[in-house]
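# Reading the structure
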Amino acid sequence: MILADKIIKHRKLNGWSQEELAERTGVSRQAVSKWESAQSIPDLDKLLKLSNLFGVTTDYLLKDDMETETFIDDSEQSPVRKVTMEEANKYLSLRKKASLQIALATFMCILSPICLFVLGTISELPNTGVSENMAGLIGLIVLFVIVAAAVGIFIFTGFESSEFSFMESEPFETEYGVSGMVKDKQKSYHSTYIKLNIIGTILCILAPVALFIIGVHDTETFAVCMLSIMLVIAGIGVAMFIIAGVRHASMQRLLQAPDYLNWKSKPKNVLTEAISTIYWLLATAIYLLWSFTTYEWERTWIVWPIAGVLFGIVRAICNLFDKKDSSK
């Protein structure tokens, strides 16, 4: 019995049509038709899927002279979890909700220093009755309260979708019809995904413009207002990226898209990420320290283009070391 006959036999034993088998193996119905008419043979990845679906060994499928099925011993292999239509819809709903929660928590973290800046400025004004120490204390308390609330949202969001954590660490399959449903949702969401990314990009590019305007009025109050506006605009832009990205990633995960799986399988360069984070934190600290000590806002903006150029050099050096490590 040849491979084509074995595919037809086991497809019919399971009561599947060609469309259903195509859905389960992630190919077109025409591809299944070619397999069954012996016009083509499945590649290795599809053979492994057929082996799991039919519950037989790959040797049985590949050897033409092997008439008797050699079934897979379930005790030796852990069963692949199947995601039902109900579970898929629940997962997408939770991730949609999570995208808003994560975006809100991130936005709160970005805005958290504003109160500290405002109170610090108020303490410098005459006859306000607010000392510098008191302003700093209250500002820090508000900052930590906002960050604590944001962290609470992050933790709650993680617990809420914990039942689907297996999708991030274990192989799984989707039941018939799930992939089609997700593809329809992804298609209808595509325009929104593009718009959110465009808006986020524009806002993040425009956010530093508020700093350039500071030179118009060389006062600390105006500078703090512009700095706060910059944080608000940047925060909204980042929130747009998060809302778009979380929802899109959830659909990609259910479809087990190659790009998503490749991203998940790539080892993360922790050193590069840490250096990048420290670099921009230092750049921000230098900018704020220079600006608030000299009040020369019309000059201190030069920190950002210089930091951008130097960051390219830093990334290139990190990538060079990364390539050396990966070649070992």
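Only a predicted model underlies this, so the values are computations on that prediction, with no experimental measurement involved.

What counts and what doesn't
- Residues numbered from 1 in each chain as written.
- Predicted model: local features only at pLDDT ≥ 70, side-chain atom pairs only at ≥ 80, totals over all residues.
- Heavy atoms only, no water.
- Buried < 20%, exposed > 50% of the residue type's maximum accessible area, 1.4 Å probe, protein only.
- Helix = DSSP H or I, 4+ residues; strand = E, 2+ residues; numbered from the N terminus.
- Arc of directions from axis to C-beta.
- Contact = heavy atoms within 4.5 Å.
- Core = buried A, V, L, I, M, F, W, Y, C linked by side-chain atoms within 4.5 Å.
- Axes fitted to C-alpha atoms, helices over the stretch in contact; angles between N-to-C directions.
- Parallel < 35°, antiparallel > 145°, perpendicular 65-115°, else oblique.
- Nonpolar A, V, L, I, M, F, W, Y, C, P; charged D, E, K, R; others polar.
- Phe/Tyr/Trp six-rings, centres within 6.5 Å; stacked < 30°, edge-to-face > 60°.

## What to know about helix H3 (residues 29-36)
Among the residues of H3, Ala-31, Val-32, Trp-35 and Glu-36 are the ones counted as buried. What you see down the axis of H3 is that its buried residues fit within an arc of 135°, all on one side. On its buried face, H3 is in contact with helix H1 (3-13), helix H2 (18-25) and helix H4 (44-54). Just downstream of H3, Ala-38 is the residue with a positive phi angle, here 60°.

## A closer look at the nonpolar core
Judged by nonpolar contacts, the single largest core of 23 residues is most densely connected at Val-83, Leu-92, Met-167, Val-182 and Leu-254. Listed by contribution, the elements that provide at least two residues to this core are helix H6 (85-111), helix H9 (178-206) and helix H11 (220-255). By residue number, the principal contributor to this core is H11, which donates eight residues. If we ignore the near neighbours within four places in the chain, the residues touching Met-167 are Val-83, Tyr-91, Phe-172, Arg-253 and Leu-254.

## Examining the packing of helix H7 (residues 114-124) against H11
A pair of packed helices can be characterised by two numbers: the angle between their axes and the separation between those axes. The contact between H7 and H11 brings their axes to 10 Å, and the two run at 175°. Classed by the angle they form, the pair H7 and H11 counts as roughly antiparallel. Residues Ile-114, Phe-117, Val-118, Thr-121 and Glu-124 of H7 form the contact with H11, whose participating residues are Glu-220, Thr-221, Val-224, Leu-227, Ser-228, Leu-231 and Val-232. In terms of residue class, the contact of H7 with H11 is built from seven nonpolar, three polar and two charged.

## Thoughts on unusual backbone geometry
A positive phi angle is found at Ala-38, which is not glycine, with a value near 60°. Along the chain, Ala-38 turns up in the loop between H3 and H4.

## As for the packing of aromatic side chains
Tallied over the entire structure, the rule returns four aromatic pairs. Their ring planes at 85° and their centres at 6.2 Å tell us that Phe-166 and Phe-172 sit as a pair that is edge-to-face. Judged by its relative accessible area of 6%, Phe-166 is buried.

Nothing here speaks to function; it is geometry throughout.
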